Amino acid sequence: MTLSPSAPLSSVDLSTRTIAYFSMEIALSPALPTYSGGLGMLAGDTLRSAADTAAPMVAISLVHRLGYFRQKLSSVGQQTESDVPWSPETTLPSANQIISLTMQGRPVLVRAWRFDVVGTTGHIIPVFLLDTDVEGNDPWDRRLTDHLYGGDTYYRLCQETVLGLGGIALLDALACKPKVYHMNEGHAALLAIGLLEDHLAGTPLKDATEADIEFVRQQCVFTTHTPVPAGHDQFGTDQMYQVLGHERGAAIDQFGCLHNGLMNMTYIALRFSRFVNGVAMQHGKVSQQMFPDYKVYSITNGVHAATWLSDQFQELLDEEIPHWRTDNQYFRSVYGIDPARIAAAHNKGKLRLFSTLAKRTKQHFNPNVLTLGFARRVATYKRASLLLHDPKRLVEIAEKIGGLQILYAGKAHPADNAGKGLIRDVFASATKLNSSALKIYYIENYDWELGGLLTQGVDVWVNTPRRPYEASGTSGMKAALNGVPSLSILDGWWIEGCAENTTGWAIEDGEDEAAEATSLYQKLEESIAPMYANPGAWSRMQQHCIAINGSFFNTHRMLAQYFENSYFPPTMVGATVNPVKRRRSTDPVTAEPALV
Ligand SMILES: *Cc1c(COP(=O)(O)O)cnc(C)c1O
């Protein structure tokens with residue numbers, strides 16, 4: 001992707017853009033540190049699919065001048081973090097607009113940088129990155145858009161205020177009047193308050209009627225991303241009043257948006273959205289139980305194929321199924337490609353991963369040895385150590401099957417000391433167990449580039465979350481596209497993607513970790529290793545992964561489902577002039593939009 005600092009703003013008629021996508025983080029380019037993990041990747045992949053399919057979207061996020069962080073790991077796996085500074089001034093064109101927001105009882109000036117996501121046919125999705133580092137602002141306010149997920153709850157609430165209220169003010173200033181506002185996670189929920197203020201045109205918020213709220217609801221849709229209650233942002237009402245001021249704070253209370261006496265971003269988003277969804281079928285159901293007063297649908301996540309496919313696969317597909325870039329359904333036709341060519345393309349990805357590791361880390365891996373990959377945000381529920389639960393058994397398997405290599409990667413949030421301990425645990429196991437048969441290695445600084453190398457290069461992708469905490473997961477989808485099967489707990493997307501012995505293997509549910517580890521070792525020894533030893537069978541499995549899972553778990557399909565079910569469902573067609581009143585989310589369910 002090229003970054004062109006001096007490029008003039010290409011002409012995009014913002015007045016024709018009907019969907020505004022708001023996300024706290026968006027992975028826009030491997031060169032920009034504007035994301036932390038899965039949520040930002042999903043946002044970026046969504047916009048890349050929107051660009052490829054010429055969707056009428058714009059997007060709003062924050063500039064994150066110091067990024068999330070760069071991870072360093074000491075020889076015992078102790079994580080330290082450093083900033084990733086970048087300069088939008090020398091990287092991106094300005095949107096040439098400065099808006100002013102009143103927050104914390106004072107004005108805060110906000111400007112925006114524009115990043116263009118350019119699709120395969122040239123269609124542009126403009127992304128506006130909000131920036132408070134503006135001359136004239138209070139010095140503290142100038143730092144508000146520096147650190148993604150940094151600071152304390154007060155800092156976070158200020159950031160979410162800039163995102164929601166600042167985003168709406170910017171779109172107003174740019175004369176962009178979308179019909180649909182998509183909150184990608186609750187961080188963006190304050191956009192609803194911005195829309196309501198616009199609609200009231202000077203009438204105090206406290207005088208808003210149920211019809212005014214309904215007017216805003218008709219324009220908002222919300223995607224929730226975590227089944228972990230602690231994952232939903234909430235703030236004390238003292239902070240709410242301090243940051244938003246009395247009028248907005250009192251209105252949020254009056255509109256019934258407090259939850260357990262706290263300002264909860266998820267409940268604001270629920271209250272103000274006409275459509276709400278989780279990110280996999282099971283996650284939608286779990287979220288429905290968490291929020292019984294609201295109807296929650298499911299739209300399963302995907303990944304942007306052209307972003308995650310290795311160069312070798314892209315060449316092969318360009319030759320065999322040439323229109324896959326705009327229409328991912330062609331992945332189903334991978335059954336027409338000789339499996340040996342698929343295996344050869346994958347092997348190149350494996351060699352590229354190993355040569356990169358040799359250069360970067362001086363570690364050498366054997367391309368003829370079965371290699372497992374485990375890379376994800378380090379959180380206790382992801383259970384990075386399940387694979388190492390019974391070291392003796394693991395070593396025995398490695399010796400019996402002719403060797404085993406395990407690659408780990410992942411960052412712990414800087415404040416998550418338990419997570420940092422898990423990284424040290426993996427290092428300790430590696431030191432103890434590494435031998436001629438077994439090699440375990442933890443690669444530092446998991447990011448976009450490493451995520452690509454790993455999902456294109458390992459043989460099996462491993463995922464071991466504690467059910468039902470994995471909302472979806474997307475790294476296994478990247479692996480599947482590259483012909484890499486998963487060995488995973490049946491959670492998140494894998495419930496929908498697992499065809500046993502065909503696209504991968506399920507780790508059976510067990511009473512405890514020991515039982516689940518036993519199932520994992522059994523699959524490894526009795527199913528995976530024998531198939532790996534049979535290249536013909538393995539290559540057919542690689543083909544199934546792409547044809548069955550690649551053709552579905554992609555953001556082209558996902559975005560089409562958002563259009564059909566969330567943005568412009570059949571019940572809404574023709575409703576743009578005089579919005580058809582849809583049932584309140586608390587009313588009994590009568591008809592559900594069809595989920596394909
Ligand atoms: C894809 C990706 C993720 C999300 O993957 P999960 O399966 O949700 O863990 C996180 N970080 C990076 C760098 C990625 O590429």
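Everything quoted here is computed from the prediction, not taken from an experiment.

Which residues make up the confidence of the model for the chain, and what values go with them?
Residue-level pLDDT values for the chain average 94, and 94% of them are 70 or greater. Scored below 50 in pLDDT, residues 575–596 makes 41 contacts in the model with residues more than four places away or belonging to other chains.

So what's going on with the side chain of S29? Residues and values would help.
Inspection of the secondary structure puts S29 in the loop between β1 (19–23) and α1 (38–52). Within the structure, S29 has its side chain in polar contact with the backbone nitrogen of A31 (distance 2.9 Å).

Please set out the sheet that holds strand β12 (residues 262–264) residue by residue, giving values where relevant.
The antiparallel open sheet is built from 3 strands, whose spatial order is β10-β12-β11. A strand with exactly one partner marks an edge of an open sheet, and here the two such strands are β10 (234–235) and β11 (258–259). Of the strand pairs in this sheet, β11 and β12 are connected by 2 bridges, and their pairing is antiparallel. If you follow H259 over to β12, its bridge partner there is L262.

How would you explain the pairing of strand β13 (residues 275–278) if you had to name every residue and give the values?
Here β13 shows a buried face lined by F275 and N277 and a second buried face lined by V276 and G278. Note: strand β9 (residues 220–223) against β13, 3 bridges, orientation parallel. Note that in β13 the partner of T223 across the bridge is N277. The sheet contact formed by β13 and strand β14 (residues 297–298) spans 2 bridges and is parallel. From the neighbouring strand, N277 faces β14, where its bridge partner is Y297. At this point the chain moves from β13, through helix α8 (residues 281–290), to the parallel β14, and the crossover so formed is right-handed.

Describe the sheet that holds strand β16 (residues 404–409), with residues and values.
Strand order in the open sheet made by the 6 strands is β17-β16-β15-β18-β19-β20, with parallel pairing throughout. Both edges of this open sheet fall to β17 (438–443) and β20 (504–507), since each of them pairs with a single strand only. If you compare each strand with its neighbour and ignore which way they point, the axes differ by 20° on average. One ladder, built from 3 bridges, connects strand β18 (residues 460–463) with strand β19 (residues 486–489); its direction is parallel.

Please give an account of the environment of E197 that cites residues and values.
Among the secondary structure elements, E197 is positioned in helix α3 (residues 191–200). E197 sits in the partly exposed class, given a relative accessible area of 26%. C-alpha of E197 to C-alpha of D212: the two residues are 15 residues apart in sequence and 9.9 Å apart in space. Look past the residues within four positions of E197 in its chain and what remains in contact with it is G202, L205 and R248.

Give a detailed account of the site of the ligand, specifying residues and quantitative values.
The immediate surroundings of the ligand are formed by 13 residues, with R376, Y446, T474, S475 and K478 found nearest. Taking T474, its main chain carries an N or O atom lying 3.0 Å from an oxygen atom of the ligand. A distance of 2.6 Å separates an oxygen atom of the ligand from a polar side-chain atom of S475. Relative to its unbound accessible surface of 380 Å², the ligand loses 93% to contact with the protein. Counting residues per element, the ones that place at least two in the shell around the ligand are α1 and α15 (475–481). Residue classes in the shell around the ligand are distributed as 4 nonpolar, 5 polar and 4 charged. Mapped onto the domain boundaries, the shell around the ligand takes at least three residues apiece from domain 1 (21–71 + 82–301 + 565–572) and domain 2 (305–553).

What counts and what doesn't
Residues numbered from 1 in each chain as written. Predicted model: local features only at pLDDT ≥ 70, side-chain atom pairs only at ≥ 80, totals over all residues. Heavy atoms only, no water. pLDDT = per-residue confidence, 0-100. Contact = heavy atoms within 4.5 Å. Helix = DSSP H or I, 4+ residues; strand = E, 2+ residues; numbered from the N terminus. Polar contact = N/O pair within 3.5 Å; in protein donor to acceptor, adjacent residues only side chain to side chain. Pairing = 2+ DSSP bridges. Buried < 20%, exposed > 50% of the residue type's maximum accessible area, 1.4 Å probe, protein only. Right-handed = clockwise from strand over helix to strand, strands pointing away. Axes fitted to C-alpha atoms, helices over the stretch in contact; angles between N-to-C directions. Near = heavy atom within 4 Å. Areas by Shrake-Rupley, 256 points an atom, 1.4 Å probe, with all protein chains shown as cover. Nonpolar A, V, L, I, M, F, W, Y, C, P; charged D, E, K, R; others polar. Domains from an automatic or database assignment.

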